[in-house]
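Here's the letter readout for the chains.
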Amino acid sequence: MRFFKLCYRLNYFIFLPGLFYNQAFADSKDKLLSEKMVVVVNEFVKALDAGQVKEACVSFEDTIRFDWHYVPRTRKGLTLKNMNETQRAKAFEMVKLVMSANGYQKTMDIVDLENVLRVVEKRTSNDTYRDPENYSFMVFGTPDLKQPWGWRMEGHHVSLQFTSVNGVITFTPGFMGSNPGKVLADVPQKGKRILKDEQDIAFQLLHSFSDTQRQKVILSEKAPWEILSLNNRSNLVVVKAEGMAMKDMTTAQKTLFQELIAVYLNRYHVTLKDQQMVKLTKSGLDGIHFAWMGNVDPEIKEGAGFYYRIQGPTILIEFDNTQNNANHIHTVVRDLTNDFGEDLLRLHYEKMHAKP
């Protein structure tokens with residue numbers, strides 16, 4: 001894909017298909033979103049009592065910032081269960097700010113699936129293992145524009161982390177899962193498919209490939225039981241980029257592939273989405289690979305399962321649907337260069353310690 005840059009008075013203009021992108025304008029939008037995030041997170045913290053602040057707030061240097069997971073487990077932080085209605089509303093305002101309307105709805109629908117699992121697994125209404133109130137919020141450092149800081153919302157099948165460095169927000173790692181992938185039980189949510197596009201568009205792309213192309217795309221007839229990157233902080237490139245590169249796809253296939261990538265980025269605020277798309281384009285869209293493992297049809301049946309991976313120089317997206325007879329989905333978005341804002345932090349600290 002052709003990519004052009006024009007420098008004028010130190011402002012950078014990026015030409016993308018159908019998009020005129022002003023880097024200086026983008027920087028101002030990043031700062032504006034960062035300023036808003038400082039406000040809403042401080043409002044949340046101010047609404048807490050002293051004991052809750054101790055639960056929710058830790059230093060930015062605390063290694064708990066990197067201890068993330070998507071399984072139902074006991075978590076540090078302040079849970080929804082231990083908040084009053086006002087505090088919950090302010091917590092959700094934090095999520096609303098940095099997610100798109102679609103991404104926020106997906107998050108809330110995933111939380112609501114805990115109610116479905118209580119019914120499916122015949123648990124009581126006060127069960128704490130499948131609990132829509134067992135979602136934790138943590139703030140790392142002091143929310144301002146001067147020093148790095150961040151926050152996280154996390155619980156079963158949701159792990160959203162946001163880090164702010166010098167007015168730029170990063171949003172990886174970001175995890176969303178869905179159990180069940182399609183609600184089959186006779187409950188009000190019956191038929192719901194929260195991660196529908198993540199699955200359906202991928203199958204459209206897979207089925208668009210010729211037999212020759214499939215030989216390159218499909219790595220194995222057996223899908224891995226779980227996403228390969230798991231919740232590791234480092235060594236994210238667990239395997240080399242495999243499958244088919246975008247440059248080797250037809251025009252229609254490239255369009256589908258870009259649509260699939262956009263499904264994951266569109267979960268987030270438009271400023272964050274655009275920021276990541278520019279980064280992908282700079283690193284080269286043609287070098288992003290699509291790889292598949294497992295079944296080639298979306299069936300929910302015993303022994304079924306499928307997995308795909310989107311991998312480029314800077315991004316890793318994984319989708320896995322193998323558990324519960326291919327009705328239990330895990331998805332993750334990772335930045336191979338800047339998870340937890342670590343690349344921005346490196347530059348920040350280098351600047352702080354630079355010799356005059």
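Here goes a summary of the coordinates provided. (Residues numbered from 1 in each chain as written. Predicted model: local features only at pLDDT ≥ 70, side-chain atom pairs only at ≥ 80, totals over all residues. Heavy atoms only, no water.)

Moving on, we come to unusual backbone geometry. Each neighbour pair has its own omega, and for Thr172 with Pro173 the value is 0°, a cis peptide bond. Here Pro173 is to be found in the loop between β9 (168–170) and β10 (174–178). A cis geometry characterises the amide bond from Asn179 onward to Pro180, with omega recorded as 0°. Within the secondary structure, Pro180 sits in the loop between β10 and α5 (196–208). Although it is not a glycine, Asn325 sits at a positive phi angle of roughly 60°. Mapped onto the elements of the fold, Asn325 is located in helix α9 (residues 323–326). (Helix = DSSP H or I, 4+ residues; strand = E, 2+ residues; numbered from the N terminus.)

All right, on to the packing of α5 against helix α7 (residues 251–265) then. Axis separation between α5 and α7 bottoms out at 9 Å; the angle between their running directions is 165°. The pairing of α5 with α7 is recorded here as roughly antiparallel in orientation. Pair α5 / α7 crosses with left-handed handedness. Within the contact between the two elements, α5 uses Asp197, Glu198, Ile201, Ala202, Gln204, Leu205 and Ser208 and α7 uses Gln253, Leu256, Phe257, Glu259, Leu260, Val263 and Tyr264. Residue composition of the contact of α5 with α7, by class: 8 nonpolar, 3 polar and 3 charged. (Axes fitted to C-alpha atoms, helices over the stretch in contact; angles between N-to-C directions. Parallel < 35°, antiparallel > 145°, perpendicular 65-115°, else oblique. Left-handed = near helix turned anticlockwise from the far one by under 90°. Contact = heavy atoms within 4.5 Å. Nonpolar A, V, L, I, M, F, W, Y, C, P; charged D, E, K, R; others polar.)

As enumerated under the stated definition, the model contains 19 aromatic pairs in all. With centroids separated by 4.9 Å and ring planes inclined at 80°, the aromatic side chains of Phe66 and Phe340 adopt a geometry described as edge-to-face. Residue Phe66 is located in the loop between β4 (57–58) and β5 (78–79), and its partner Phe340 is located in the loop between β16 (329–335) and α10 (342–352); the two are separated by 274 residues in the primary sequence. Both residues of the pair, Phe66 and Phe340, count as buried. Plain terms: the ring middles of Phe137 and Trp151 are 6.5 Å apart, the flat faces sit at 10° to each other, and that makes the pair stacked. Of this pair, Phe137 sits in strand β6 (residues 136–140) while Trp151 sits in strand β7 (residues 149–155), and the two are 14 residues apart along the sequence. Here Phe137 and Trp151 have matching classes, each one buried. (Phe/Tyr/Trp six-rings, centres within 6.5 Å; stacked < 30°, edge-to-face > 60°. Buried < 20%, exposed > 50% of the residue type's maximum accessible area, 1.4 Å probe, protein only.)

By the secondary structure assignment, Ala101 is in helix α4 (residues 101–120). Classification of Ala101 as exposed rests on a relative accessible area of 68%.

In summary, the side chains of a regular strand alternate between the two faces of the sheet. Burial analysis of strand β14 (residues 306–311) places 6 of its 6 residues in the buried class, the great majority of the element. Residue alternation in β14 divides its side chains into two sets, Phe306, Tyr308 and Ile310 and Tyr307, Arg309 and Gln311, and both sets are buried. Two elements, strand β13 (residues 289–294) and β14, share 6 bridges in a ladder whose sense is antiparallel. What sits directly across from Met293, in β14, is Tyr307. By the bridge criterion, 6 bridges tie β14 to strand β15 (residues 315–321) in an arrangement that is antiparallel. Counted as the bridge partner of Tyr308 is Phe319 from β15. The turn linking β14 back onto β15 is made up of 3 residues. (Pairing = 2+ DSSP bridges.)

What follows is about the pattern of salt bridges. Two side chains of opposite charge can pair, provided their charged atoms sit close to one another. Here the structure, examined in full by the defined rule, presents 24 salt bridges. Here Lys81 makes a salt bridge to Glu133, at a shortest N to O gap of 3.2 Å. Taken as a pair, Lys81 in the loop between β5 and α3 (85–98) and Glu133 in the loop between α4 and β6 lie far apart in primary sequence, 52 residues in all. By relative accessible area, Lys81 is classed as partly exposed at 40%. (Salt bridge = Lys/Arg side-chain N within 4 Å of Asp/Glu carboxyl O.)

By the secondary structure assignment, Gly150 is in strand β7. Along the backbone, Gly150 and Gly341 are 191 residues apart, and their C-alpha atoms lie at a distance of 9.4 Å.

Note that all results are geometric; they support no functional claim without further evidence.
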